[in-house]
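Notes for the structure review
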Amino acid sequence: MKIAIFGGTGDLGRGLAITFAAAGHEIIVGSRSQERADQAAEGLREAYPEGTFVPMENAEAAAAGEMAVLSIPFEGIEATMPALAEPLAGKVLVSVVNALKFGKSGAMAVLDLPAASCAHQIQDLAPEAKVVVAYNNLPAAALQERHPIEGDVLVCGKSKDAREAVIELTKDIPGCRGLDAGPLANAIIIEGMTAIIINLNKRYGGEASINVTGLESPPARA
Ligand SMILES: NC(=O)c1ccc[n+]([C@@H]2O[C@H](COP(=O)([O-])OP(=O)(O)OC[C@H]3O[C@@H](n4cnc5c(N)ncnc54)[C@H](OP(=O)(O)O)[C@@H]3O)[C@@H](O)[C@H]2O)c1
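None of the values given here were measured: they were computed from a predicted structure.

About the cut-offs
- Residues numbered from 1 in each chain as written.
- Predicted model: local features only at pLDDT ≥ 70, side-chain atom pairs only at ≥ 80, totals over all residues.
- Heavy atoms only, no water.
- Near = heavy atom within 4 Å.
- Polar contact = N/O pair within 3.5 Å; in protein donor to acceptor, adjacent residues only side chain to side chain.
- Areas by Shrake-Rupley, 256 points an atom, 1.4 Å probe, with all protein chains shown as cover.
- Nonpolar A, V, L, I, M, F, W, Y, C, P; charged D, E, K, R; others polar.
- Pairing = 2+ DSSP bridges.
- Helix = DSSP H or I, 4+ residues; strand = E, 2+ residues; numbered from the N terminus.
- Axes fitted to C-alpha atoms, helices over the stretch in contact; angles between N-to-C directions.
- Contact = heavy atoms within 4.5 Å.
- Salt bridge = Lys/Arg side-chain N within 4 Å of Asp/Glu carboxyl O.
- Parallel < 35°, antiparallel > 145°, perpendicular 65-115°, else oblique.
- Left-handed = near helix turned anticlockwise from the far one by under 90°.
- Buried < 20%, exposed > 50% of the residue type's maximum accessible area, 1.4 Å probe, protein only.
- Right-handed = clockwise from strand over helix to strand, strands pointing away.
- Disulfide = S-S within 2.5 Å.

On to the site of the ligand. Around the ligand, a shell composed of 20 residues is seen, among which Thr9, Ser31, Arg32, Arg36 and Ile72 lie nearest. Between the ligand and Thr9 there is a distance of 2.7 Å, counted from an oxygen atom to a side-chain nitrogen or oxygen. Here an oxygen atom of the ligand and a backbone polar atom of Asp11 are 3.0 Å apart. Notes on the ligand: free accessible area 890 Å², of which the protein chains cover 75%. Residues of the shell around the ligand, tallied by class, amount to eight nonpolar, nine polar and three charged.

With mixed pairing, the eight strands of this open sheet are ordered in space as S3-S2-S1-S4-S5-S8-S9-S10. Each end of this open sheet is capped by a strand with a single partner; those strands are strand S3 (52-57) and strand S10 (177-180). Going from strand to strand, the sheet's axes swing by 25° on average, the running direction of each strand aside. Pairing of strand S8 (residues 130-133) with strand S9 (residues 152-157), which is carried by two bridges, proceeds in the antiparallel orientation. Note on S9: the bridge partner recorded for Val132 is Gly157. The sheet contacts of helix H2 (residues 34-47) involve strand S2 (26-31) and S3, and relative to S3 the element is tilted by about 170°.

Attention now goes to the pattern of salt bridges. The tally for this structure, following the rule as stated, stands at six salt bridges. Within this structure, Asp152, Arg177 and Arg221 form a network of salt bridges that share partners.

Along the chain, Lys202 turns up in helix H9 (residues 187-204). Distance in space between the C-alpha atoms of Lys202 and Gly106 is 8.6 Å, their sequence separation being 96 residues.

What follows concerns the packing of helix H1 (residues 11-22) against H2. Axis angle and axis distance: for two packed helices, these are the angle between their axes and the distance between the axes, and together they describe the pair. The contact between H1 and H2 brings their axes to 11 Å, and the two run at 45°. Judged by the inter-axis angle, H1 sits oblique to H2. In this structure, H1 crosses over H2, and the sense of that crossing is right-handed. Within the contact between the two elements, H1 uses Arg14, Ala17 and Ile18 and H2 uses Gly43, Leu44 and Ala47.

Another point: the pairing of strand S1 (residues 2-6). The buried fraction of S1 is high, at four of five residues. When S1 meets S2, the two strands line up parallel, connected through five bridges. Bridge assignment links Lys2 to a residue of S2, and that residue is Glu26. In this fold, S1 hands off to H1, which returns the chain to S2; that crossover is right-handed. Note: S1 against strand S4 (residues 67-70), four bridges, orientation parallel. The residue bridging Ile5 from the neighbouring strand is Val69, located in S4.

Turning next to the environment of Gly10. The residue Gly10 is located in the loop between S1 and H1 in this model. Residues Gly10 and Ile72, spaced 62 residues apart in sequence, show a C-alpha to C-alpha distance of 7.6 Å.

A separate point is the state of the cysteines. Scanning all chains against the criterion turns up zero disulfides. Among the cysteines around Cys156, which has no disulfide bond, Cys118 carries the closest sulfur, lying 13 Å off. With a relative accessible area of 0%, Cys156 lands in the buried category. The thiol of Cys176 is not disulfide-bonded; the next cysteine sulfur, from Cys156, is found 16 Å away.

Worth remembering: the numbers are spatial, not functional.
Here it is as structure tokens:
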């Protein structure tokens, strides 16, 4: 599948690009600038020579991708989404975006957002895209290094079919398992959980991820 990653030049975008390319997907590396997209694609080819990485500006990437991932800081949502809304109509758009702030006592979720969550703001600005929250809690470094992550990916979104598509895609992340966590209303919980993970990493070291126990028939881990 052709997967467009907006902010494919950044840490998590790069990690997902390498991971999905290794599973055989064609990656469209999106950026606000063609030059940065070119440089990022070059770097990705060096990191994973077998992969297909096509650099494009974000709007062009939105048109070319069959599925897309928005991997930018939350402050950029408002400026980025309007140009992507039309080319993303009818497509699954995965949001990995978290709104976090950092104080002396640690990382915290930003709660006074323009909408109920980053994902809601994205959905409001691209009403015909099928916005799904996923991968918000995965560590970028492990993905870039292709280290298996024994983690559960909590997947939320309005459309059940879109959630299923992302759960299926998650089978391409070694060690991971996608779990259907219900409607988009729960996005803020998944986004905010990343603040807790960052604090755990700081306090105890390592790279934590979420593991759900006690389920009777969950999907198998990749
Ligand atoms: N890093 C992690 O481990 C991790 C894990 C889980 C979730 N997340 C979430 O994933 C998202 C991306 O994280 P990241 O660490 O990859 O971020 P990042 O490296 O800081 O930024 C990713 C890319 O976003 C673009 N960007 C930066 N500022 C922007 C703005 N104001 N408007 C539009 N685009 C902008 C830049 O690409 P161009 O300049 O090329 O356009 C940049 O390379 C964040 O929302 C973060 O909370 C991160």
